[in-house]
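# Structural characterization, general
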Amino acid sequence: MTATTTTQQPVSGAALRQRFVEFFLERGSVELPSASLVPRDPTVLLTIAGMQQMIPFFLGLETPPDVRLCSVQKCFRTVDIDEVGDASHLTFFEMLGNFSVGDYFKEGAIHFAWELMTRVYGIPKDRLWVTVYPTDETARTVWRDQIGVPASRIVADETNWWGPVGATGPCGPDSELHYDRGPEYGCGQPDCSPTCDRPGCNRFLETWNLVFMEFYRDEQGVDTPLPRPNIDTGMGLERLAMVMQGKESVYETDLYLPIVERAAGLAHVRYGADERTDRALRVLADHSRAVTFLIADGVLPGNEGRGYVLRRVLRRAVRYGRLLGLERPFLTETAQVVIDIMGDRYPELRERRDYIFRIIRHEEEAFGRTLAHGLSRFETLAAGVKAEGRTTIPGAEVFRLYDTYGFPFDLTVELAQEQGLEIERAEFDEAMQAQRQLSRGASRFAQESHRDLELYAGLRLPPTDFLGYDEDRAGGEVLAIVGPDGPQAAAEAGQRVEVILDRTPFYAEAGGQVGDTGVLAGGDGRFAVEDTQRPVPGLTAHRGVVAEGVIRLGDTVEAAIDAERRADIRRNHTATHLLHRALRLVLGTHAQQAGSLVAPDRLRFDFTHLQALTPEELQQVGAIANGAVLAAEPVYADWMPQREALATGAMALFGEKYGDTVRVVTVEDFSKELCGGTHVGNTGEIGPILVTGESSVASGVRRIEALTGRGALAYAGQLQQIAGTLAGALHAPVPDLPAQVEGLRGRIRDLEREVERLQARLAGGQVETLLRQARQVDGTAVLAARVEAPNQDTLRRLGDSLRDRLGSGVLLLGTVFGERPALLAVVTPDLVARGLKAGALLNATAGVMGGRGGGRPDLAQGGGGDPARLDAALAAVPGLVQRALHEKD
Ligand code: SER
């Protein structure tokens, strides 16, 4: 089949990206850097479109750096994971987008798109078709009358509606550009068009989606107009490259081919020779990109959420690698190609290369082991099912594979299909459901924050002016009071509400720093603030209870934070910056912040690192951080454009989103971080930093905990007191305590040995007395006696001594350890030869007490049962021996 053609020379993916951005920069847009694949909105799993970071702008909650914007956004869509491997489905992709925040609308967006596609990219006009929302007459008219697209190539399509991302959010009709690859790719029907869904019809390729973002959809599904209509467009770079490079699939473009070729080289196969092999190579190409980018943005393999997405694609890649005969770990090799070809555009890949590789290796090796276990378990299962003449694998077994062996469900399905078997889905779902019930609590947070977004977006409040960098108290006006049932005009004593002011010194929880507490006083009431949160970006909500009187809308109140508590928080926040820097100095730059808690009484700092820190490393980290305290370095914050900030080397965090102007917190001569939190003015204010713990939180993430300032002093005071008490008790000065304790432990060891020796001697002393108790039973010496022995060892030794002295005979010794009877039976070799068995004798004796035991013919141990029946059991022994002697005759 001939390749899709254009009149253009092949142009690289990088050049296509650049031309897109340049085109919109020339038209007055500001380029925003790609947001992280991990979205800021906790209710959304991953970034699936360029518009996500624009949502606060569209909703009027945040001011954009410009009304015209453009971006190249890293995107990840999970819906098609199972389809990846065919010609067009992808997980990770790059989306080229231009955005208008209340500036140009339909006409402008359509003109820009047409000009770029036909004039800049040079795509022949007659290759382009468009679809419009059926009732969108404006878009249809612009395409037909202003652009000149023939009416026959403008198709109504009711699926042309975008959004919202999640249950609520901005949405609107859209219009798509489709590239006509030629009738030879189509179904041949006269009505074939971009909406054609006949099987095998691949004539039209959707390339660019122009969204006319006009509405906000609420939880009831009702659309209300946004403050201003906006534009959001998105074009997949990979598809554009496929068109412009005249390729049959995205995998043959320069964005993928080097990865495909590397995978083919590793597996000693050739791309294009065989469909099954090609499919596996395409899976490896897509998933290698997916894994590399997800890890670079801070996602770690896990069993839920985005961690599970990462685990799933990584495991799927490994499994497809196995199909190609790649038995050993290979993913870092293909990830290296991804970094080579994408690292210029996405420098984070190069910076985090070592870290990315470590995570891949760790997970790939672990999965290799899981795969081996799970596969053999699956083979047994499948063989069993077939042997019984059935074709369905029970869901409970599939769940067991999943739950116990960590074997992914989709993998079981694929394996079953390969063997012509099915899976009992309902039973599996039921088991999964039961498991989910257990972890239900986890999603409550997401639901709550969704309600907030909905409610506060509806109130359309202006962003709160935050004064808390400089002020502890300030006057503000009550703009909203929100109770459990929604907004209210006033709140009385005892009522729990959220209060929104126009300005406030209260810091709302963000970036790990907890919210402030304090008081709002004025009008006719006092409001005790127990927590401060940010329900939607830019808005501060004071949460708490009306302590006295009434708080009303429009009241002017004096907002005062608990200043002492905040001073503690400031110390802890600056200390996290010092520790972050110290960790990177000691461990390397892969140690990146992966979460933190900055509370008044403690701090917690999570960072990416695979092994536990050695005591020396921990000690070094503490010394460096405290060194910065002793140097009493000034700490200050500056606002600057994001690009400038990153150029100064300021550390940005995974998954955080920063607007165009960012705040950089500098500890002079020590660290620079993008941070919105509150800090001390000089590191000397922090006081001592005491690291109190180091532990693991997830695979590849470590945590350190520390105390500063008053907390550290209180802790040190406590330690001092404990040391003083010990010194008093041991009559030794504090510095001697370790040696004293070591000495005590040595003495305890010696004494224990002495006790053992004495016990053995005591036991030995019983030997003579006991020997005298031996009786003859049909000519055989039988000794059954209760003895003194503190433990099993002594009992054994006593048995040995008695046997040696007895020469020939049967021994049954009984004692009680605590509440539990214990028995030992010994039969000398000559009697064993005559058929007597210590094991059988012991078992029968123990049976008298309700206990049991057993062992070899010459030696057996046991016990249990009722200690009060020990003497009765021992009394039974001669009879038992006699019976045994007779039985053998
Ligand atoms: N939001 C639209 C899409 O992702 C256009 O950017 O297709």
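Residues numbered from 1 in each chain as written. Predicted model: local features only at pLDDT ≥ 70, side-chain atom pairs only at ≥ 80, totals over all residues. Heavy atoms only, no water.

## Examining the side chain of Thr828
Here is the rule we go by: Secondary structure elements are taken from DSSP: a helix is a run of H or I of four residues or more, a strand is a run of E of two residues or more, and numbering for both begins at the N terminus. Relative accessibility under 20% of the residue-type maximum defines a buried residue, over 50% an exposed one, and the middle range a partly exposed one, all with a 1.4 Å probe and only protein chains included. Two N or O atoms count as a polar contact when they lie within 3.5 Å, although within protein this holds only if one can serve as hydrogen donor and the other as acceptor, and sequence-adjacent residues are included solely when both atoms are side-chain atoms.
Relative to the elements of secondary structure, Thr828 occurs in the loop between strand E32 (820-827) and helix H22 (829-833). The exposure class of Thr828 is buried, given its relative accessible area of 2%. One polar contact links Thr828 to Asp830, side chain to side chain, over a distance of 2.7 Å.

## Comments concerning the state of the cysteines
Short version of the rule: For this text, the term disulfide refers to a pair of cysteine sulfurs within 2.5 Å.
On inspection of all chains with the given rule, the structure shows 0 disulfides. Cys187 forms no disulfide, and the closest cysteine sulfur to it belongs to Cys192, at a distance of 3.7 Å.

## Regarding the nonpolar core
Short version of the rule: Throughout, nonpolar core names a set of buried Ala, Val, Leu, Ile, Met, Phe, Trp, Tyr and Cys residues whose side chains join them through atoms within 4.5 Å. Contacts were defined at the residue level, with two residues in contact if any of their heavy atoms lie within 4.5 Å.
If you look at the biggest cluster of nonpolar residues, it comprises 149 residues, and the most contacted ones within it are Tyr121, Trp143, Leu177 and Trp208. With residues up to four places along the chain from it excluded, the contact list for Trp208 reads Phe20, Phe24, Asn98, Ala113, Leu116, Met117, Ser175, Glu176, Leu177, Thr233, Gly234 and Met235. Counting 25 residues, the second largest nonpolar core, distinct from the first, contains Leu583, Phe605, Phe607 and Leu613.

## Remarks on the pairing of strand E16 (residues 496-501)
Worth spelling out the cut-off: Between any two strands, at least two bridges found by DSSP are needed for them to pair.
Burial within E16 is extensive, with 5 of its 6 residues counted as buried. Two elements, strand E13 (residues 473-483) and E16, share 4 bridges in a ladder whose sense is antiparallel. Considered in E16, the bridge of Ala480 is made with Ile500. As paired elements, E16 and strand E20 (residues 541-552) share 4 bridges and run antiparallel to each other. Considered in E20, the bridge of Arg496 is made with Val545.

## Here we look at the site of the ligand
Put simply, the rule reads: Throughout, near means a residue has at least one heavy atom within 4 Å of the molecule or strand. Ten residue types, Ala, Val, Leu, Ile, Met, Phe, Trp, Tyr, Cys and Pro, are classed as nonpolar, four, Asp, Glu, Lys and Arg, as charged, and the remainder, Gly among them, as polar.
Within the structure, the ligand sits among Ala49, Met51, Arg77, Met95, Trp162, Asn209, Val211, Asp232, Thr233 and Gly234. In the model, an oxygen atom of the ligand is placed 3.2 Å from a nitrogen or oxygen of the Arg77 side chain. Here an oxygen atom of the ligand and a backbone polar atom of Thr233 are 3.2 Å apart. When residues of the shell around the ligand are traced back to their parent elements, those giving at least two are strand E8 (204-217) and strand E9 (223-236). With 3 residues, the single largest contributor to the shell around the ligand is E9. In terms of residue class, the shell around the ligand is made up of 5 nonpolar, 3 polar and 2 charged.

## Quick word on the sheet that holds strand E28 (residues 701-708)
Rules: Helix axes are fitted to C-alpha atoms over the stretch in contact, other axes to C-alpha atoms as well, and angles between N-to-C directions run from 0 to 180 degrees.
Read from one edge of the open sheet, 4 strands run E22-E23-E28-E27, paired in antiparallel fashion. Of all the strands in the sheet, just strand E22 (593-598) and strand E27 (689-698) have a single pairing partner and so form its edges. Put simply, the sheet's adjacent strands are angled 15° from each other on average, direction ignored. In terms of strand pairing, E22 meets strand E23 (residues 603-608) through 5 bridges, oriented antiparallel. When the bridges of E23 are listed, Ser596 appears paired with Phe605. The strands touched by helix H17 (residues 615-630) within the sheet are E27 and E28, with E27 carrying the most contacts at an inclination of about 135°. Contacting E27 and E28, helix H19 (residues 709-730) runs over the sheet at an angle of about 80° to E28.

## Some words on the pattern of salt bridges
Stated formally: Any Lys or Arg side-chain nitrogen located within 4 Å of an Asp or Glu carboxyl oxygen qualifies as a salt bridge.
Applying the stated criterion to the full structure yields 49 salt bridges. Among the ionic pairs, Glu26 bridges to Arg27, the shortest N-O distance being 3.4 Å. One salt bridge in this structure joins Arg27 and Glu115, with 3.0 Å as the shortest N-O distance. One end of the pair, Arg27, is in the loop between helix H1 (13-26) and strand E1 (30-32); the other, Glu115, is in helix H3 (residues 106-120), and 88 residues separate them in sequence. Taking the relative accessible area as the measure of exposure, Arg27 reaches 18% and is therefore buried.

## Structural notes on the sheet that holds strand E25 (residues 661-667)
Whether parallel or antiparallel, the strands of a sheet pair through hydrogen bonds between backbone atoms. Pairing within the open sheet is antiparallel, and its 3 strands lie in the order E24-E25-E26. The two strands at the open ends of the sheet, each matched to only one other strand, are strand E24 (635-641) and strand E26 (671-674). Within this sheet the neighbouring strands show an average axis-to-axis angle of 25°, counted without direction. Across 4 bridges, the pairing between E25 and E26 is antiparallel. By the bridge assignment for E26, Val664 is matched with Leu674. The strands touched by helix H16 (residues 563-587) within the sheet are E24, E25 and E26, with E26 carrying the most contacts at an inclination of about 115°.

## Focus: the packing of aromatic side chains
Worth spelling out the cut-off: Stacked, edge-to-face and tilted are the three classes for Phe, Tyr and Trp ring pairs, Trp counted by its six-membered ring, which pair at centre distances within 6.5 Å; planes under 30 degrees apart are stacked, over 60 edge-to-face, the rest tilted.
One pass over the structure, following the stated rule, counts 20 aromatic pairs. Measuring from centroid to centroid gives 5.8 Å for Phe20 and Trp208, while their planes differ by 55°, and the two rings are tilted. Placement of the pair is Phe20 in helix H1 and Trp208 in strand E8, with a sequence separation of 188 residues. As far as the burial class goes, Phe20 and Trp208 line up, both buried. Note on Phe105 and Phe212: the rings are 6.0 Å apart at their centroids and 70° apart in plane angle, and the pair reads as edge-to-face. With Phe105 in the loop between strand E3 (92-100) and H3 and Phe212 in strand E8, this pair connects stretches of sequence that are 107 residues apart.

## Quick look at the pairing of E32
Of all 8 residues making up E32, 7 are buried, and the element is well covered by its neighbours. Two elements, strand E31 (residues 810-817) and E32, share 8 bridges in a ladder whose sense is antiparallel. Among the inter-strand pairings, Leu811 is bridged to a residue of E32, identified as Val826. Between E31 and E32, which follow one another and run antiparallel, lie 2 residues, and Gly818 among them has a positive phi close to 65°. Looking at chain direction, E32 and strand E34 (residues 859-863) are connected through 5 bridges and run antiparallel. Each bridged residue has a counterpart across the sheet, and for Ala825 the counterpart in E34 is Ala860.

## Details of helix H21 (residues 792-806)
For the α-helix, the turn length of 3.6 residues means that residues three or four positions removed from each other point alike. As a reminder of what qualifies: Multiplying 1.5 Å by the residue count of a helix minus one yields the expected span of that helix. In this context, the arc is that of the directions from the helix axis out to the C-beta atoms.
Across its 15 residues, H21 extends 21 Å between first and last C-alpha, which sits within 8% of the 21 Å expected from 1.5 Å per residue. Burial in H21 covers these residues: Thr794, Leu795, Leu798, Gly799, Leu802 and Leu806. Each buried residue of H21 lies within a common arc of 140° when the element is viewed along its axis, so the set occupies one face. Turned more than 90 degrees off the buried face of H21, the exposed positions are Asp793 and Asp804. Of the surrounding elements, those touching the buried residues of H21 are helix H20 (737-772), strand E30 (780-786), E31 and E32.

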